[in-house]
Amino acid sequence: MQKVGIVGFYQVKLLSDANYGRYEMIFEAVRGALDKAGLKKKDITTVISCTNDYYDGRTISNAFAVEAGGAYLADESKVEMDGAHALLYGMMRILSGNHKLAVIWAGSMASCFPYHSARLFETDPIWERPSAYVNDITAAGFQMRAYMEKYGVSVEEMAKVVVKNRRNASKNLLALEEAQNPNLTVKDVLDSEIYADPVTELMVAQPCDGIAAILLAPEKQALKITDKPVWITGVGYNQDAYYLGDKDLSESKSMRLAAKMAYEAAGITDPIKEINVAEIFEAYAHEELILKEALGFAEKGKGAFLNSEIDGELPINPSGGALGGNPPCGTGLIRIIEATKQITGEANGYQVEGVKKALATGQIGMCAQNNIVYILEGGN
Amino acid sequence: MSKRTQRKSMGYIKKDYIRTRTMPGSWYLSSYRFKFNITHFKPFQDKLKERKLVGLQCSSCNRVFFPPRLICGKCFVKPDRWVDLRETGRVATFTITYLKDLETGEVSERPVVLVQQDGSDTTYTAQLSPDVDYKDTYIGMPVKVHWAEEPTGGLMDIQFYDLVEDNSKDLELRKD
Ligand SMILES: [Zn+2]
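None of the values given here were measured: they were computed from a predicted structure.

Q: Hey, could you go over the coordination of the zinc ion for me, with residue numbers and the actual values?
A: Residue and element names in this part refer to chain B. At 2.3 to 2.4 Å from the zinc ion lie its protein donor atoms, namely Cys 58 (SG), Cys 61 (SG), Cys 72 (SG) and Cys 75 (SG). The coordination sphere of the zinc ion comprises four donor atoms, whose angles at the metal cover 105 to 114°; the geometry is tetrahedral. Here the donor residues of the zinc ion share one chain and are spaced in sequence as C-x2-C-x10-C-x2-C. Of the two residues, Cys 61 is situated in the loop between strand S2 (53-57) and strand S3 (64-65) and Cys 72 in the loop between S3 and strand S4 (81-85); the sequence distance between them amounts to eleven residues.

In structure tokens, the structure reads:
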């Protein structure tokens, strides 16, 4: 397989209520990525965007972002999932051999709509919506409790994930200000407003405004563009059952299978030893534990026992993760950017020492129904 | 659903800025009509009218779906074997929603449960009887269907689930 390299990236500062129009936020991210890589509009051969018609308040919402995203009179398409899925589409465009530079941009502005209410419309109109108020928060409540009950994990362990990630976010200048807190305690998390018992406000990755962009190029081009390319050496993705009632909520089968696919591609046999840092998209605190178990970093139910601090056994979300700010559709792409920064040594303030291989994940759906995993490596 | 909202779903916003303005948008979703196949769960609906429950079993993997599913994702076939289910089940997991009535501002604390009907391999999103205090809800709690007064052959015939007496502790004692 031909190598595909990340040759540029840019993320705007995450804001809870941005004093921006959506257009200019997209432009800042894509223009920023091009400038960082020393490239121009004419170098772009394909653009993949990732937004959601619902979240954008208009149909075929990529149509409005043509100019801002660098797609004017260019090959252009959209993925309506997570930015991490859009990156896979961009990678496939590069691997087709027809493209020299792919722009992938993703994100939205949660300040423009009631995000959690919009997610009510993700449930089944016939079998679920009439029975009860089920949105992403309710589903997280179901899952957190199922996980805690099955493995005897305390709610304090959920709160510890929040404390770690929000503390990490306080060192990340691009994280959401409201999410940054170096002095947060487990008690603060448990005492914050209850959303869907046992899920409290601070356990929710706060939806916010933000756009991120990544540039991909085939090996030959990548080496011309940058002397610090980061290669995608493995990718895996998997989809679980739609209905919440049709799967075991205490684990993530889709992530386990996605990870298997990615590890096989990258030749990884002992993930905990071979991977130096992981950026995991945790829309809720408990997801970090369930997903790290599914990634093979810990046994089922034992995720909380693996030290994932910046100086721990396996640092997870040194950037703060999604709990450090969650712009719908953009969060997974930001995880990949953060993993890239760890390899290139650009994670100012939260750099993990000696990162050679990094892992990043994206997800979409209730209780992380669909998961996607990337393995990234540096070197020429 | 439209009259209630999650207590803090719009809590983050909004200030007036000099650089930006907002304009109201609208999604005309209320005019949307979902169209769905009813032939595959006709027997289910007929049974509901008689206050009886049936699950749909996949004859390939033997999983029993309740409520009935059109397709078994695992085997990629249409399940076609109807099996009788009891009225009883257990709470597989639950959460509590805090919903605010937009007119009165009153917040109600309600448990929402996933119920595993006895004899079924899947769970069903449901509510508990208003008599059950949300603080008393637990995983494994035995429950029983509370039927609507006049079943019409729709899912709403299962109005909610009543608590039934829990004998599991006695069973454990007997094991000892
Ligand atoms: Zn089957």
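Q: Could you give me a rundown of the sheet that holds S2 of chain B, with the residues and numbers involved?
A: Residue and element names in this part refer to chain B. Within the open sheet, the three strands sit side by side as S3-S2-S4. Their pairing is antiparallel. The two strands at the open ends of the sheet, each matched to only one other strand, are S3 and S4. As paired elements, S2 and S3 share two bridges and run antiparallel to each other. Of the residues in S3, the one forming a bridge with Gln 57 is Val 64. Running over the sheet, helix H1 (residues 42-49) touches S2 and S4 and is turned about 165° from S2.

Q: Describe the interface of chain B and chain A, naming the residues involved and giving the relevant values.
A: Each partner contributes to the interface: chain B provides 45 residues, whereas chain A provides 51 residues. Here chain B meets chain A over a buried area of about 4,300 Å², counting both sides, of which 61% is carbon and sulfur. Of the charged contacts, one joins Asp 246 of chain A and Arg 69 of chain B as a salt bridge, the two residues approaching to 3.0 Å between their closest N and O atoms. The interface formed by chain B and chain A contains nine residue pairs in polar contact (both at pLDDT 80 or more). Mapped by element, the contributors of at least two residues to the side of chain B that touches chain A are strand S1 (4-6), strand S5 (88-101), strand S6 (107-117) and strand S7 (124-127) of chain B. Among the elements that take part in the side of chain B that touches chain A, S5 of chain B stands out by supplying seven residues, more than any other. For the side of chain B that touches chain A, a count of residues per class yields 26 nonpolar, eleven polar and eight charged. Bridge count for strand S5 (residues 194-197) of chain A against S5 of chain B is two bridges, and the pairing is antiparallel. Bridge pairing in S5 of chain B links Asp 197 of chain A to Ile 96 of chain B.

About the thresholds
- Residues numbered from 1 in each chain as written.
- Chains lettered and ligands numbered in written order.
- Predicted model: local features only at pLDDT ≥ 70, side-chain atom pairs only at ≥ 80, totals over all residues.
- Heavy atoms only, no water.
- Donors = N, O, S within 2.8 Å, 3.2 Å for Na, K, Ca; no water.
- Tetrahedral: all angles 85-135°; square planar, octahedral: opposite > 155°, others 65-115°.
- Helix = DSSP H or I, 4+ residues; strand = E, 2+ residues; numbered from the N terminus.
- Pairing = 2+ DSSP bridges.
- Contact = heavy atoms within 4.5 Å.
- Axes fitted to C-alpha atoms, helices over the stretch in contact; angles between N-to-C directions.
- Buried area = accessible area lost by both parts, 1.4 Å probe.
- Salt bridge = Lys/Arg side-chain N within 4 Å of Asp/Glu carboxyl O.
- Polar contact = N/O pair within 3.5 Å; in protein donor to acceptor, adjacent residues only side chain to side chain.
- Nonpolar A, V, L, I, M, F, W, Y, C, P; charged D, E, K, R; others polar.

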